[in-house]
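A closer look at the structure
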Amino acid sequence: MRGLNFTAVDFETANGFRGSPCAIGLVKVRDGEEVDTYYSAMRPPEGFDRFDPHNVAIHGITAEAVAQAPRFGELFAEIHRFIGNDVLVAHNAGFDIEVFEAALEVSGLDSPGLSCLCSVRLSRANYQLPSHALPKAAAEAGYHLTQHHYALDDARASAAVVCDIAARRAVGPTQRLFQESGIAPRTMESWQAPRTRESRATRQVRTMAHLFDARLPAPQPRHMPDLMRWQDEGKNLPPSSVADPSHPLFAQQLAFTGNLSIPRAEAKELVAALGAGTASRVTAGTTLLVVGDGFEPWELRDPEDSFPLRSSKARDALRRQREGQPLTIIAEEEFRALLGSRWPISGPPAAGPTEAAVPTEAGLPLSARG
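Scope of this entry: the structure provided in the associated data block. (Residues numbered from 1 in each chain as written. Predicted model: local features only at pLDDT ≥ 70, side-chain atom pairs only at ≥ 80, totals over all residues. Heavy atoms only, no water.)

Quick look at the overall build of the protein chain
Spelled out, the test is: Counting from the N terminus, the helices are DSSP H or I runs at least four residues long and the strands are E runs at least two residues long. A contact between two residues is defined here by any heavy atoms of the two lying within 4.5 Å. In short, Shrake-Rupley with a 1.4 Å probe defines the accessible areas, and a residue's cover is counted only from the protein chains shown.
When helices and strands are counted, the protein chain shows 11 helices and 12 strands. A separation threshold of at least 6 residues defines the contact pool for the protein chain, and within that pool the share at least 24 residues apart is 74%. Carbon and sulfur atoms make up 51% of the accessible area of the protein chain, which totals about 16,700 Å².

This is how it looks when you write it as structure tokens:
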């Protein structure tokens, strides 16, 4: 297919933070044919290199296996030379472009402003499949994915999906193929280090960086945030019968969405002690939805048509607000202020959680009062 030119990419990461790449696979395609490949295991950027056992169970890469490998920052110039001026393709472009973005940020490197097109969206627009996960989409394209989560094989499978759909549609130029399916590229901003304003993912982990630093002792598993383990919704405990009724969280009903910098189960324990109730979904009684994932308060004050969060809980909360339910959406930063000195310490724990020196008289955000 003349003009079907791109570089397919796949990353594996050490933990739940995007900026922890431990392997990359790249496949260069020219006129619909594979012409070159690149693969490297790597150490994630220093300070963000703790390996989560769940990630290891998926891709099989351990800290010991990459102990002598160069770090992402040492490899990036080589990676960028391989990519050249190509548009990237990935099966979930948002993930892979965010890996580049966060890893460049925490490595203190300039960004060349890469763009990435999404093969899973192309699959959904062109294949009739019950699942568009990479093994299923690749099989439809005639490619048998034998080493799923080996970055080079996954990149090759993503390339196969694009090449097969281009052949079926008889459309060569890469950008045109995606445009005809209504798919725009995800583009990373160009910057010179240090970046003036880091990505949301990086801003969030800056507040709990010790948890990702392999040089430091690992906290007890129950105190690890959801970014470093499979998310546990936690038990919805009854509100304490001896809680202070003057506390701003007393008698509130909370739900949580997104990754917090403490385990969600721990957050539920903290608010129950203050006389608040919790639920695992947004209900008719919910008064506060707490949003993690590094969102800042101002981002959640946007009109609904530009609201940045698309989780089912957030959509349900917005619907209920429209219908008149007195429900406020707040960021983790505001939730932390409400907990005051009860918020777990943000630095490396010595023997267990302690209390941070945070003012205790913080009230609800203005938008959450009354």
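After that view, the rundown keeps rolling.
A few points about the nonpolar core
The condition is simple: Nonpolar cores are built from buried Ala, Val, Leu, Ile, Met, Phe, Trp, Tyr and Cys residues. Side-chain atoms within 4.5 Å join them into one set. Burial here depends on accessible area, computed with a 1.4 Å probe over protein chains only, as a share of the maximum for the residue type. Under 20% is buried, over 50% is exposed, and the range in between is partly exposed.
Counting residues in each nonpolar core, the largest one holds 26 residues, and the members touching the most others are Val9, Ile24, Leu26, Phe72, Ile79 and Phe100. In this structure Ile79 touches Ile24, Leu26, Tyr38, Met42 and Phe100, once residues within four positions along its chain are discounted. Among the nonpolar cores identified, the runner-up in size contains 25 residues, and Leu4, Val27, Val87 and Ala137 belong to it.

Observations regarding the pattern of salt bridges
Short version of the rule: Note on definitions: salt bridges are taken to be side-chain nitrogens of Lys or Arg within 4 Å of carboxyl oxygens of Asp or Glu.
The full count for this structure, using the stated rule, is 23 salt bridges. Across the salt bridge formed by Glu189 and Arg195, the nearest N and O atoms sit 3.0 Å from each other. The class of Arg195 is buried, set by a relative accessible area of 14%. One salt bridge connects Arg215 with Asp213, and the closest N-O pair in it is separated by 2.8 Å. The class of Asp213 is buried, set by a relative accessible area of 10%. Residues participating in the shared-partner salt-bridge network are Arg197, Arg200, Arg203, Glu296 and Glu299.

Some words on the environment of Ala201
Following the sequence through the fold, Ala201 ends up in helix α8 (residues 200–206). Once the C-alpha coordinates of Ala201 and Glu98 are considered, the two residues, 103 residues apart in sequence, prove to be 8.3 Å apart.

Quick word on the packing of helix α2 (residues 72–83) against helix α3 (residues 93–107)
Convention followed: Axis angles are defined between N-to-C directions and span 0 to 180 degrees, where every axis is a line fitted to C-alpha atoms and, for a helix, only to the segment in contact. The scheme is simple: roughly parallel for angles under 35 degrees, roughly antiparallel for over 145, roughly perpendicular for 65 to 115, oblique for anything else. Working rule for handedness: look at the near helix, and if it is turned counterclockwise from the far one by less than a right angle, call the crossing left-handed; if clockwise, right-handed. Each residue gets one of three labels, nonpolar for Ala, Val, Leu, Ile, Met, Phe, Trp, Tyr, Cys and Pro, charged for Asp, Glu, Lys and Arg, and polar for the others, Gly among them.
The geometry of α2 relative to α3 is characterised by a closest axis approach of 10 Å and an angle of 135 degrees between their N-to-C directions. Considering the angle they form, α2 stands oblique to α3. Here α2 runs over α3; the crossing is left-handed. Mapping the contact onto sequence places Phe72, Gly73, Phe76, Ile79 and Ile83 in α2 and Phe100, Ala103, Leu104 and Ser107 in α3. Here the contact of α2 with α3 is composed, by residue class, of 7 nonpolar, 2 polar and no charged.

Let's talk about the pairing of strand β3 (residues 33–41)
Across a regular strand the side chains alternate sides, sitting on one face of the sheet and then on the other. Let me state the cut-off plainly: In short, DSSP must find at least two bridges between two strands for them to pair.
For strand β2 (residues 21–30) and β3, the ladder comprises 8 bridges, and the chain directions are antiparallel. Its bridge partner being in β3, Ile24 is matched across the sheet by Ser40. What sits between β2 and β3 in their antiparallel hairpin is a turn of 2 residues, with Asp31 showing a positive phi close to 50 degrees.

Side note on the sheet that holds strand β10 (residues 277–278)
Taken in spatial order, the 4 strands make up an open sheet running β10-β9-β11-β12, and their pairing is parallel. Each of the sheet's edge strands pairs with one partner strand only, and the pair in question is β10 and β12 (328–331). Sheet topology places strand β11 (residues 288–291) next to β12; 4 bridges connect them, and they run parallel. Within β12, the position partnered with Val290 by the bridge is Ile330. Against the sheet, helix α10 (residues 312–322) touches β9 (253–257), β11 and β12, its axis set at about 140 degrees to β12. Lying on the sheet, helix α11 (residues 332–339) is in contact with β9, β11 and β12; it crosses β12 at an angle near 90 degrees.

Remarks on the environment of Arg301
Looking at the secondary structure, you find Arg301 in the loop between β11 and α10. Through-space distance from the C-alpha of Arg301 to that of Ala331 is 10.0 Å; in sequence the pair is 30 residues apart.

A word on unusual backbone geometry
Between Ala193 and Pro194 the backbone carries a cis peptide bond, its omega angle lying at -5 degrees. The phi angle at Asn92 is positive, at roughly 105 degrees, despite the residue not being glycine. Tracing the backbone through its elements, the reader meets Asn92 in the loop between β4 (88–90) and α3. Residue Asn92 is classed as partly exposed on the basis of its relative accessible area of 41%. Its identity as a non-glycine residue notwithstanding, His149 has a phi of 75 degrees, on the positive side. With respect to the helices and strands, the residue His149 is situated in the loop between α5 (134–140) and α6 (151–169). The partly exposed category is assigned to His149, whose relative accessible area is 29%.

Some words on the packing of helix α4 (residues 119–126) against α6
Pairs of packed helices are described in terms of their axes, by the angle between the two and the distance that separates them. Axis separation between α4 and α6 bottoms out at 9 Å; the angle between their running directions is 35 degrees. Between α4 and α6 lies a crossing whose hand is left-handed. On α6, the residues touching Ser119, Leu122, Ser123 and Asn126 of α4 are Ser158, Val161, Val162, Ile165 and Arg169. Split into classes, the residues belonging to the contact of α4 with α6 amount to 4 nonpolar, 4 polar and 1 charged.

Observations regarding the packing of aromatic side chains
Spelled out, the test is: Aromatic pairing here means that ring centres of Phe, Tyr or Trp (its six-membered ring) are within 6.5 Å. Orientation follows from the plane angle: under 30 degrees is stacked, over 60 is edge-to-face, and everything else is tilted. Here, a charge over a ring means that NZ of Lys or CZ of Arg falls within 6 Å of the ring centre while also lying within 35 degrees of the ring normal.
Taken as a whole and judged by the stated rule, the model has 9 aromatic pairs. When the centroid spacing of 6.2 Å and the interplanar angle of 70 degrees are considered together, the rings of Phe76 and Phe100 count as edge-to-face. Taken together, the residues Phe76 in helix α2 and Phe100 in helix α3 connect sequence positions 24 residues apart. When sorted by exposure, Phe76 lands in the same class as Phe100, which is buried. Pairwise contacts between aromatic rings join Phe11, Phe72, Phe76 and Phe100 into one cluster. Residue placement shows Lys28 over the ring face of Phe82; its charged tip is 5.0 Å from the ring centre.

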